[in-house]
Structures are given as C-alpha cells and as structure tokens.
Amino acid sequence: MANSTLDLLGQVQVAHEFDHTALLRYASANVSGFPVSPFSFAIKQFGHGQSNPTFLLEVGTAAAVKRYVLRKKPPGKLLQSAHAVDREYKVLRALGEHTQVPVPKVFCLCTDRSVIGAEFYIMEFLEGRIFTDPKLPGVAPESRRKIYQETARALAALHSANVDAIGLGNYGRRDNYCKRQVDRWTKQYIASTGEEKSPRNPKMLELSDWLRQNIPCEDSSGATAGLVHGDFRIDNVVFHPIEDRVIGILDWELSTLGNQMSDVAYSCLAYIVDVNLGNEQLGEGFELAGIPEGIPSQAEYLAGYCSASGKPWPANQWKFYVAFAMFRGASIYAGVHSRWIMGNASGGERARNAGNQANGLIDTAWVFIGRCTVLPEYPPSVAQDHMKQYQGKFVPSKKVVELRDRLIKFMEDHIQLMENEFYKLAQSSSRWTVHPEEESLKELAKKEGLWNLWIPFDSAERAIKLILDGSNHAVSTGAQDQLFGAGLSNLEYGYLCEIMGRSIWAPQIFNCGAPDTGNMEVLLRYGNREQLLEWLVPLLQGKIRSGFAMTEPQVASSDATNIECSIKRQGDSYIINGNKWWTSGAMDPRGKLTLQLLSISSSP
C-alpha cells in the first residue's frame, strides 16, 4: 500500500529542534499568503529519507489549516558540498516556473543561519501518495504497471528540460560527469569511514578503481549531458491521491548537470537489490526474488523511458551504470551510518543498519559486474502498448501497423546494436567518412521493404510516369516498386517517423533523412525527366547524398523572405550572387547535389 504524505510524519527529533517563534516570524514576512497571526503553529518531522531534514508546518487560521514544507541542512559537521539546500531551491524554482516537470512550488530561501540555526527553504506541501516499497504491496496489478510507466515518463520529462533556456546552464559541468562523480563519492566514502566512523571496506576502493577504468566514452564530451536528479527512485516521487500520475518529484539535494543514464540506472536498483534500512541486510531484487504481478520487467521499464526520452538503448554500458549506482549508494549509506554514530542522522534508529547496507551494495556490485549479461541486447517491442493510445483517434491502418512492427524490429535487431559504433565515428577525426555498416544496413532495409517510406503517393505517381516514359527504362519494374516507397500519406508516415526518430542514425538507414527527403521531393514534384534521371534516381537508390543551402551570414535565414542570395537569368545562363554557410550535408563525401534557397532577381 502507499503511504499518504501525512502518514510519514512524527515528532521532531531532539537533534533537529529549532526556534519555532523565529521561524514563524520569518515565514510570515517572506512567504506570500502565510498567516501573520495564526491561531496555531505546529511542526512535525518527516521520517522518510536520510538527507536534509524535512518538516511539515501546519498553520491554523479561523478559515482553514495551511500546510507548508521546510527543508534544512542537518546539524553538526557536514561533508564539503553536501546538503546544499540553496541548489535544491534553485532547481525547483527553475523547473516550477519554466517547465511542466512536476515539482512542488518553492516560496523562499533563507541563508541567514541565525533564524533557525541552518540554511533552509520553504515549499508547498503536496498531498498525495508515496510508495516506500518498490514492490507496491496491496496495489492492483494494472495500477502497478501504470505507476512504473508514469515514473519512467516523469524521469524522461525531467531529462528533457532545456537547462540553458530555464537558467540552469551553469548548474554544473557537463563533461566527464561519471569520472568526477566516482572521484567525489570515493572522497566522500573515505571521509565518512575509518576510526570512530563507519568501518571502511577495501572492496569499495577496488570498485572505485574498476569504475574509473570502465567509464563510457560518451561521458567525456558531455555532448548528451542534461539535468540529473541524483537520487531518482520511486519513493522520491509523489503520486496523486487517487490517480496513478506523478504530481511531484522530491529530494533534489544531489541534482546537477551530467550523464542522465546514471539517474536511470539508480531508478532501476529495485530490480537488482532490495535496499531497506528497516532490515539489517540487503534483500534480493525483483530479478531474483520474482517480479510482482503487473510491474514491468527492467527491460520494459527501460524501453518505456527510452521511448519517452529519445535515449538509445543502453545495453553496452548498463553494467557500468548499475555498478556506479550501487557504488554511489554505498557511499551515501556509509555517510548515513557515520551520522548515526555521531547522533545527527535524520532517519533516526533506522540509520543503524546503513553500514551493513553499504557493504551489501558493494558486494552486490561486484556480483553484478561478474555477470555475463545484464540487459537484453535489444529492447522489447513497445508497439502493442503504444498503439492502444490511438484507439478512437487517428487509428492506423493494418498496413501501417504492419510496417510499424517491422520497423521496430529492424531498429531493435540492427540499428540499436550499431549506435555506439556510429557515435564513435561521429566524434572522431574521421566524422565525415561513411561507416561501412551503414551501407550494409541500407541494403538490408531495401530488402525488408523499409526504404523511402517518406514518399507521398501523389508525388511518386508523377515521377514514375516521367521516368518510365518511352522505351528507355532507367529503372526496372521491381526496382521501381522498391524505390518509390509504400504509397503512404503524410499522416500514415507520421506513425513511422515516431519510431525512426528514436535514433539519430535511423532516418538515413531507411533513406528518410534530411536534407535528402526535402530535396528529393522538390525533384519528384517539379523536376523534368533529365533531372530525375541524373539526380533523383541515384538519391532514391541511396547511391548519393545531397545538401541544402539556406543559411546566410547576415540575415535571420529561418525566414525565407530575408534571403539575400539572388539568382538572375542572363542569356542562356544564370548568375548566382551571395554567400551561404552551415550548409546541411555539405561535408558528406557522397554529396553530388546541393539545392539553394535564392531570391529571384528580374532582368534589367
């Protein structure tokens, strides 16, 4: 069963007591709508969670009881850079004011320690449900599945936030995230363990060395980095009181910019290991103990996240990310245990078991690293669940559903397997060369009937008549059927675009990538027979590529009416006058044709 957010309350622990009168005076002056002279003012402490102490403020007036939440730094000596409530406030405010990511509204940040003895912020109270047990006991199977799906979607929404647009562009470094995190948590672990602290485990330092040697290559550049929550798991998510949808993501203490797959792996730990501070030792995760009815498999959960976020399937790097998640968890729990020894752990006596849990995570990480396979090579097909959403709306035809299923299988069986290789080439000094496997996959896509799916049926009809006019057939009937697509409308093609768009490399494998598709359609609709034979047919066959020159250095070229580059007829020739740059496709070695956007100048 879920816990109501109010069920997680208890009395304020002695170590966390502070001046209620000073807080009331501050809140009345700094929180909009906060009662100035309330009838009652009560404070309780949330018992769930082990980071920054969190409290419920209940303010009684003649009309109603208002509720707020306060989070503050814990007392005592703290590790450097830990418990930064100002960063929590900053990220919550940015997301709340500029995105649709579900977070509680924040009201004020207080950095004056004289008020209650520590920095703190006040935010809205979310009345809803928190699932402290990832097995979701007492929840119907259909709701369990929905809850996990919504959790994956909430994480995808978080990861889709444009940090530069919402003022978080400098929230952290984007490059070498995992390397820096391994170094950070190694230092935190060493600082939290030893004499008069939690006992130090030498296997933890060996795990740190293994992680340093196995950091994924995409981590160094930070090109795919974004907002990272840092502690994303199902019990840090608040669900609506009666609906299976997320209304708030909590506990942003570890948030920063970096490699977002670390969040995904951390959210999947319940599949690997059962971490519960109420128990002395770790338990088995879903994969060994059995997945409760209704909860999706780890692969299904990941496929849902990848589908919603547009991220590639992480099979090749999954061992690292999960081992890193357990390594970081072990460091966090060692810190919790040390704070318990010092008497200032916010979780009270439950923190007594944190040392055992830390060592259990270390051992489990090494067992996980030793496994031959940790994730299927390809994601499970999500076609059946996804198609249900179209019922009663734009229902795809049987033909489109069959094409979609074949397209998903091709993506799973071939493209996702090669994504890392394509990525390595794109990041190397040979980025403008063609990976040989790309051409092999193109030929396979042709054989599978997944070629040129973008071509509108009316445009294909015109081109076929022109090309096949007369006895000198440039294209055989069989090749013609292959080259001119599946005869789809734009709406029908849209269902297939959604699948191809999950991989940056997929469109060109199916000959459905820009700028070629736009250029080919211009030729399809307006080219004469000679132009079709010279340029269109090789493009349709995938033998050449094309470029598109629109952008100019002096004007906002996204508005075509601004184009300055001109074309003017002079006798039997044309004169083009102007500058183009950032030409799409210009560096492709297969490029043989470039279309330019020009303004027409009348002859004098």
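Residues numbered from 1 in each chain as written. Predicted model: local features only at pLDDT ≥ 70, side-chain atom pairs only at ≥ 80, totals over all residues. Heavy atoms only, no water.

Engineer: Just to check I follow, could you spell out unusual backbone geometry for this structure?
Structural biologist: In most cases, non-glycine residues show a negative phi, while peptide bonds are predominantly trans. A cis amide bond links Ala 514 with the next residue in sequence, Pro 515, at an omega value of 0°. The topology assignment puts Pro 515 in the loop between helix 18 (506–509) and helix 19 (516–526). Phi at Glu 196 takes a positive value of approximately 60°, unusual for a residue other than glycine. Considering the arrangement of structural elements, one finds Glu 196 in the loop between helix 4 (177–192) and helix 5 (202–213). Of note in this structure, Trp 582 is not a glycine but carries a positive phi near 50°. Along the chain, Trp 582 falls in the loop between strand 17 (573–577) and strand 18 (591–596). Assessed through its relative accessible area of 68%, Trp 582 is described here as exposed. (Helix = DSSP H or I, 4+ residues; strand = E, 2+ residues; numbered from the N terminus. Buried < 20%, exposed > 50% of the residue type's maximum accessible area, 1.4 Å probe, protein only.)

Engineer: Even after reading the chapter, I still don't get the sheet that holds strand 19 (residues 599–600), so can you show me in this structure?
Structural biologist: Backbone-to-backbone hydrogen bonds join strands into a sheet, with any given pair of strands oriented parallel or antiparallel. Read across the sheet, three strands follow the order 17-16-19 without closing on themselves; strand pairing throughout is mixed. Bordering the open sheet on either side are strand 17 and strand 19, each of which pairs with just one other strand. Bridging between strand 16 (residues 566–570) and strand 19 involves two bridges; their strand directions are parallel. Bridging across to strand 19, Ser 566 finds its partner in Ser 599. (Pairing = 2+ DSSP bridges.)

Engineer: Help me understand the domain arrangement of the protein in this model?
Structural biologist: Accessible area lost upon the coming together of the parts serves often as the stated size of an interface. What the domain assignment lists for the protein is domain 1 (3–127), domain 2 (130–370) and domain 3 (383–453 + 469–512). If you look at the interface, domain 2 gives eleven residues, while domain 3 gives seven residues. For the pair domain 2 and domain 3, the summed buried surface comes to about 790 Å²; carbon and sulfur atoms form 42% of the total. When the area that domain 2 buries against domain 3 is broken down by residue, the three leading residues are Cys 217, Ser 307 and Trp 313, summing to 36%. Counting across the interface, domain 2 meets domain 3 through zero salt bridges. In this structure, the connection of domain 2 to domain 3 is made through two residue pairs in polar contact (both at pLDDT 80 or more). Tallied by class, the residues present in the side of domain 2 that touches domain 3 amount to three nonpolar, six polar and two charged. (Domains from an automatic or database assignment. Contact = heavy atoms within 4.5 Å. Buried area = accessible area lost by both parts, 1.4 Å probe. Salt bridge = Lys/Arg side-chain N within 4 Å of Asp/Glu carboxyl O. Polar contact = N/O pair within 3.5 Å; in protein donor to acceptor, adjacent residues only side chain to side chain. Nonpolar A, V, L, I, M, F, W, Y, C, P; charged D, E, K, R; others polar.)

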